[in-house]
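# Architecture at a glance
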Amino acid sequence: MNILLVEDETRVADFIRRGLSAEGWSVDHAPSGEDALEHVAAGNYDVILLDLMLPGIQGQDVCRKLRARKSKTPILMLTALDSPEERVEGLKIGADDYLPKPFDFDELVARVEALHRRANSYANDLSETVITCGNLTFDRRSLQVSVDDQEILLSKKERDLLLLFLTNVGRVLSRERILNSVWGINEDPLTNVVDVYVGRLRRKIGKEGQRIVTLRNVGYRMS
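Summarised in this report is the structure supplied together with it.

Definitions and limits used
Residues numbered from 1 in each chain as written. Predicted model: local features only at pLDDT ≥ 70, side-chain atom pairs only at ≥ 80, totals over all residues. Heavy atoms only, no water. Pairing = 2+ DSSP bridges. Helix = DSSP H or I, 4+ residues; strand = E, 2+ residues; numbered from the N terminus. Axes fitted to C-alpha atoms, helices over the stretch in contact; angles between N-to-C directions. Contact = heavy atoms within 4.5 Å. Salt bridge = Lys/Arg side-chain N within 4 Å of Asp/Glu carboxyl O. Buried < 20%, exposed > 50% of the residue type's maximum accessible area, 1.4 Å probe, protein only. Expected span 1.5 Å × (residues − 1). Arc of directions from axis to C-beta. Phe/Tyr/Trp six-rings, centres within 6.5 Å; stacked < 30°, edge-to-face > 60°. Lys NZ or Arg CZ within 6 Å of the ring centre and 35° of its normal.

## Describing the sheet that holds strand β7 (residues 136-139)
Spatially, β6-β7-β8-β9 is the arrangement adopted by the four strands of the open sheet, whose pairing is antiparallel. Two strands in the sheet have a free side with no partner beyond their single neighbour: β6 (130-133) and β9 (150-152). Averaged over all pairs of adjacent strands, the angle between their axes in this sheet comes to 25°, without regard to strand direction. With four bridges joining them, β7 and strand β8 (residues 144-147) adopt antiparallel strand pairing. When the sheet's bridge partners are listed, Leu136 is paired in β8 with Val147. This element, helix α6 (residues 156-166), spans β6, β7 and β8 of the sheet and lies at about 110° to β7.

Printed below as a string of structure tokens:
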């Protein structure tokens, strides 16, 4: 998937770009509205992530100009402002979705994927209430985790980490993606907290912990 990220805040742009790149997607960054219009004119994108508060041409005007040019690329608006009036205005001028800052990284990924599916006429996947992998079961409603029908007590971060693995079975997750998803943007990217928690989770779920495979210098994959 090719994504255009239009964001003038360097730290936020780097966080989003690194996270989406870890998903295996190609991300171009435009720090201003003018740059965004040039990128769209020169390239082909599947989704545009458009911040509203930009230097020069504002995000709303970028959206208007793109729609005036008959661009059908899905646009997800990002903004620190979250009034109902602003959301309605954004949708009226041609945005396809709206995500207020600060946001959960997994929600951003899910919204990008949903926009891409919608644009390609894919049906939305239904989320499972109870997830099973081998002898391990995770009930998303009760937050109960069990192995061989024996309940396993996990902390919130351990549950979040396990759920991330269970909803991405067979998929390689970089340490960066895990850090962004479970701990968020403010966590030091050089910390070893991911490795520490993966070790704890493996020990707590016993033999099922062998399913979490380490990929050296890459990340982890749950088989």
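## Concerning the pattern of salt bridges
Considering all chains together, one arrives at 17 salt bridges under this definition. The salt bridge partner of Arg18 is Glu176, with a shortest N-O separation of 2.6 Å. Taken as a pair, Arg18 in helix α1 (residues 10-22) and Glu176 in helix α7 (residues 175-182) lie far apart in primary sequence, 158 residues in all. You can call Arg18 partly exposed: its relative accessible area is 22%. Assessed through its relative accessible area of 28%, Glu176 is described here as partly exposed. With a shortest N-O distance of 2.9 Å, Asp61 and Arg64 are connected by a salt bridge.

## Let's talk about the side chain of Arg67
Relative to the assigned elements, Arg67 resides in helix α3 (residues 59-68). Every residue in contact with Arg67, bar those within four places of it in the chain, is listed here: Lys72, Thr73, Pro74, Ile75, Ile93, Gly94 and Asp96.

## Observations concerning α1
Over its 13 residues, α1 extends 18 Å from the first C-alpha to the last, a length consistent with the 18 Å expected when each residue adds 1.5 Å. Along α1, the residues classified as buried are Val12, Ala13, Phe15, Ile16, Gly19 and Leu20. For α1, the arc enclosing every buried residue in end-on projection is 160°, short of the 170-degree limit, so these residues lie on one face. Away from its buried face, by an angle of more than 90 degrees, α1 presents the exposed residues Thr10 and Arg11. Contacts made by the buried residues of α1 are with β1 (2-6), β2 (26-30), β3 (47-51), β4 (75-79), α5 (105-119) and α7. Two residues or fewer past α1, Gly24 is found with a positive phi of approximately 95°.

## Remarks on the packing of aromatic side chains
Enumeration according to the criterion identifies three aromatic pairs in this entry. On the numbers, 5.7 Å between centres and 65° between planes, the contact of Phe15 with Phe105 is edge-to-face. Remark: Phe105 occurs in helix α5 and Phe15 occurs in helix α1; sequence separation between them is 90 residues. Of the residues examined, Phe15 reaches a relative accessible area of 6% and is grouped as buried. Between Arg200 and the ring centre of Tyr197, over which it is positioned, the NZ or CZ distance is 4.6 Å.

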